[in-house]
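# Examining the three-dimensional arrangement
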Amino acid sequence: NMATTYSKELGGRILEAREAAGLKLRELARISGVSPSYLCEIEAGDSEPSASKIQKIAKALKTKIERLLPAA
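Reference entry: report on the structure contained in this document. (Residues numbered from 1 in each chain as written. Predicted model: local features only at pLDDT ≥ 70, side-chain atom pairs only at ≥ 80, totals over all residues. Heavy atoms only, no water.)

## Quick look at the overall build of the chain
So the rule is basically this: What counts as a helix is a DSSP run of H or I of at least four residues, what counts as a strand is a run of E of at least two, and both are numbered from the N terminus. Residue burial is assigned from relative accessible area. The probe radius is 1.4 Å, only protein chains are included, and a residue is buried under 20% of its type maximum, exposed over 50%, and partly exposed in between. Contact between two residues is taken to exist if any of their heavy atoms lie within 4.5 Å; hydrogens are not considered. Areas reported as accessible are Shrake-Rupley estimates using a 1.4 Å probe. Residue values count occlusion only from the protein chains shown.
Each helix and strand counted, the chain has 5 helices and 0 strands in total. Start at the N end of the chain and walk to the C end: the helices and strands fall as α-α-α-α-α. Every one of the 72 residues in the chain was classed for burial, and the buried ones make up 36%. Sequence separation of at least 24 residues holds for 57% of the intrachain contacts in the chain that already meet a minimum separation of 6. Element-wise, carbon and sulfur atoms account for 53% of the exposed surface of the chain, whose accessible area totals about 4,600 Å².

In structure tokens, the structure reads:
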């Protein structure tokens, strides 16, 4: 299933970026405005967030959205 692979890769990239930024999940949730439980689902690859949510997360991580998106 392509969506699952995409979600897993996206979640992994967000997790890596968060850890590289030295942020705890709750800190990123607070800064991005995405709930901790939803952020946890995204990082686990269990949820495919909307583009606007990914943008909020990228902004909170001070990175470009392209760095979080898996290659098509």
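## So, the side chain of S47
The condition is simple: Nitrogen and oxygen atoms within 3.5 Å of one another constitute a polar contact, given that in protein one can donate a hydrogen and the other can accept it, and given that sequence-neighbouring residues count only through two side-chain atoms.
The topology assignment puts S47 in the loop between α3 (36-44) and α4 (51-60). Polar side-chain contacts of S47 include one of 3.4 Å to the side chain of E41. Dropping the residues within four chain positions of it, S47 is found in contact with S7, Y38, E41 and I42.

## Looking at helix α2 (residues 25-32)
We count it as follows: Each direction from the helix axis to a C-beta atom contributes to the arc, which is the arc of those directions.
Of all the residues in α2, the buried ones are L25, L28, A29 and S32. For α2, the buried positions fall inside an angular range of 105° around the axis, keeping them on one side. Opposite the buried face of α2, at more than 90 degrees from it, the exposed residues are R26 and R30. Immediately downstream of α2, the backbone of G33 shows phi near 80°, a positive value.

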